[in-house]
Amino acid sequence: MTAFARAAVQLRGVGDVLVADIDNPPVNALSHAVRAGLIAALDRLEADETLSGLVIAARGRLFSAGADINEFNADIEPPFLGDVIERLETATKPVIAAIHGSALGGGLELAIACHGRIAADDAVFGLPEVKLGILPGAGGIVRLPRLVGIEQAVAMIAEGRRIDASEALTAGLIDRIATGDLIGEATEMVSAAVRSALPRTSERPFPLFDAAQQDATRKALAGRYRGQDAPQKAVDLLAMAARTPVAEALRLEQAACKALLSTDQSRALRHLFTAERDATRVAGVDRETAARPIDRVGIVGAGTMGRGIAVACLDAGLPVVLVGRSEASIEAARQAISKIYGSAVKRGRLSETAVEERLARLETTPVLDRLCEADLVIETIAEDPDAKRAVISAIDLIVPERTILVTNTSFLDIESLAQATERPGHFAGMHFFNPANVMKLVENVRTKRAAPDVLVTLMAFAKRLGKTAVMVGPSEGFVVNRMLSKRTREALFLLQEGATPRQIDRVLTDFGFPVGPLALADMAGLDVLAATRAARLAAMSERERGADIVERLVAAGRLGRKNGAGYYTYGDSRTPQPDPAVDTLLAAHRAERGIAARTVTDDEVRERCLFAIINEGAKLLEENAVARPGDIDVLWTKGLGFPAHLGGPMHYAETIGLSHVHSALSRYAGIVGDEYFKPARLIEQGAAGDGRFS
Ligand code: CAA
C-alpha cells in the first residue's frame, strides 16, 4: 500500500469562505511545502468566483513558529516567504488570519500582512529572530511599526519581546479576540471585509522615528545586548523603513536578513537553539522513552542545599517532605525557607497567599519513614562518602520499589555511592548549584546501571524546576566545576606572572562575560574558595599548591564582597575598586616564590583562560563524561555567562579554528607546562581533520 504524505496546507470550505489550515507538525514551520500550499490557496481564492475570501488558520498546538530553521543552512527554494506574503496582502479578496497558540517570526509576518487578524485569548505573538542573530526578513520590520507604533516594534524586533492576546489587541496588532469559535468568527470577519475596502498594512503611515529616538534606542540596546550586532541592525532597518518607499524597504529588509544569516553570530545562536533542544535528550536513550510521573518529592538533608532544592520544588508546585537530622535542624530549615519566601514577598515577587500555599505543601520531619510515598528522593547531606552511603542505604530500605533515589553531589564517585542501594536501576546523581532555588543549572549524573526512563525522568524533573539540565557521566567535578577550575588555575598563574586582577577581569568582560573570574571569586567568598582548595590540595600540582594567593588574601582578612575586601575593595557601592594593597600582596607573593613579574598581554590572558576551558571540555568529551560539544555550550551560555552570540566555548573554538586553538595550546604548553596545556586528542584530531569536535 502506498502511504500518501499529508498536505502541509489543507483547504476546506466554510460557506463561501476558503479556509487554509497549515498542518506541518510539530510547530507549523513555514517550510517549502507550506509556502507552496499557501500560494495554491491564493490561486484557488482568485480563480474561484464563488469564494468570498480566505481564512488562514492552523492545526496543532500553535499557528506557526515562523520560517523553517532547518532550511537556513542551504539555499532556500522559491516561493520565498516574502513573495507569499506579498501575494496575500495584494489579494483582491479579504484574507483573515485566525491565530491560536503562538504566531512567531515569519508566522507573525504572515499574519500582519493579512487584511485582518483574530486570535484565541491564549495566543502569543513575537518576532524572536533576533535571538537567532537575524531579523525579520519578510516584511516584519516594514509592517509591524505601522500597526503597533515604534516603541512596541523596537521591543518586539530588536529584543524579541513576546506579547499576549490582550496586549496585542490594545497595541493594534490584532483586531479581535475570539469569544468562541475562532474559525467561525474569522469567516464572519471575511464577510464583513467583503463589504469594505481591504486594509493593507503596508499602506498605513509609518510612525515617527527621528534621529534622537534612534540614538537613544541604539545606546539602550548596546547596554543590554553587549557585543550583539542584530539589535543594532534592527534600529538601522527601522530607520531605513521609516524613510523608504515600501517596495524598496521590503527588498532591503529581506537582503539584510539574508546577510545576517551568514554571520558568525547567527551561526552561533542557531547552534545554541539546536544544542539546547538536543541537551534535553539523553544520548543513547530512545526519544520515545517517557518520563515517569513525579508527584511527591522527598529531600534528605536540611542544610543549605536541601533547603534550596526544597524551595525549587515548592515553587514548581510539588509537595515536599524534607527530612532533617533533628527537630532543631528542621526548625532551622523551616525558618530559613520562610526567610527566603519573606524576602520574595518584600521584593514583590510573590504574594502572601502564594507563600502560604507553598508552605502548606512542605512537611518537615526528622523521621525518614515519612518518605514512604515519595516518587523521587534526593539525598543531599554533606559531601562525606561514608555518611552518604549510610543514608542512601537507609532510604533504600524505606521507599517503595518505584521510587527514584538521587544523590546531590558536586564531586563524589557516583558509581561507588550506587553500590549502597539495592536499586541501581533507580539511582543516579543530580548536581545542583548553590543557591539551588536560584541557580538555573543542574548536572544530572548517569550511572552505568541507571534505567533509561529514570534518566529521562530526571531531565523532565529538572525542566519542571525551571532548570537547564545536561546529562553528564561520572567524573570528578563533573563538567562545570572541572572546566571552571582550569580557568581559576590560569587566573592564579597569570596573577603570579604579573597580570593584575583588573586586567584579567577586564579582558574577560570585554570578551563578553558579565563578570570577570576574580570579581566572581569575591562574590563567592574567598574563604569558601580557600576551603575548596584545601579539600583538593592532594590532587593539585606543586605549582597549583604554590599559587596560594587566595589563602594569602584570606589571611589578610580579605574574604571578598561579604566583608568589603577581596581581590578588590567594595565601598558603599557594589562596584569592585582596585586596591593597591592587593598589588603589594601579589608582589610579595612573587618575591617569595622567586617569580619575576613580566608584562602579560591581553591576548595571552584571554587565550589562556579560554583555551584552558576548551581543552578540558575536549577531554571531557573524550572520556564520555559529556555526550555532545553542544551540551557543554549550553551549560556555559545558560549558567556561566559565556556570551551566547559566540555560541559557547566549544562552538567558539570551532569558529576561530581548532588548528589555531591547537597551536596556541602547544605554545602555552611550552610556557606554562605540558601538564596544563598539552592539547587534548580531540583538538589535535580536529585541527588535523575537519576542524570540528567529532
Ligand atoms: N523551524 C523548524 N523547527 C522548529 C522551529 C522552526 N522555526 N521552531 C521549533 N522547531 C522545532 C524544534 O527544533 C523542535 O524540534 P525537535 O523536537 O526535533 O528538537 C520542535 O520544533 C519543538 O520545539 P520546542 O522543543 O522548542 O517546543 P516548545 O513547545 O518548547 O516551543 C516554540 C515551541 C515556542 C515554537 C519554540 O520552538 C520556539 O520559540 N521556536 C523558535 C521560533 C523562532 O525562532 N522563529 C523564528 C524563525 S526565523 C523567521 O521566521 C524569520 C524569517 O522570516 C527569516
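The preceding data block contains the structure.
Here goes a summary of the coordinates provided. (Residues numbered from 1 in each chain as written. Predicted model: local features only at pLDDT ≥ 70, side-chain atom pairs only at ≥ 80, totals over all residues. Heavy atoms only, no water.)

### What about the environment of K93?
One can find K93 in the loop between helix 2 (81-89) and strand 4 (95-99). Along the chain, K93 and L42 lie 51 residues apart, while their C-alpha atoms are 9.6 Å from each other. At 2.7 Å, the side chain of K93 forms a polar contact with the backbone oxygen of L45. In terms of polar contacts, K93 uses its side chain to reach the backbone carbonyl oxygen of L51, at 2.9 Å. (Helix = DSSP H or I, 4+ residues; strand = E, 2+ residues; numbered from the N terminus. Polar contact = N/O pair within 3.5 Å; in protein donor to acceptor, adjacent residues only side chain to side chain.)

### What about the pattern of salt bridges?
Two side chains of opposite charge can pair, provided their charged atoms sit close to one another. If you walk through the whole model with that rule in mind, you get 44 salt bridges. Linking R628 and D631 is a salt bridge whose minimum nitrogen-to-oxygen distance equals 3.1 Å. R628 sits in the partly exposed class, given a relative accessible area of 23%. The class for D631 is buried, based on a relative accessible area of 1%. Each of R489, E490, E497, R543, R598, E604 and R608 takes part in salt bridges that share partners, so that together they form one network. (Salt bridge = Lys/Arg side-chain N within 4 Å of Asp/Glu carboxyl O. Buried < 20%, exposed > 50% of the residue type's maximum accessible area, 1.4 Å probe, protein only.)

### Here we look at the side chain of H115
Its location among the elements puts H115 in the loop between helix 3 (106-113) and strand 6 (116-119). Classification of H115 by relative accessible area gives buried; the value is 7%. Polar contacts involving the side chain of H115 include one to the main-chain carbonyl oxygen of E89, which spans 2.9 Å. In this structure H115 touches L88, E89, A91, K93, P94, V95, I96, L198 and P199, once residues within four positions along its chain are discounted. (Contact = heavy atoms within 4.5 Å.)

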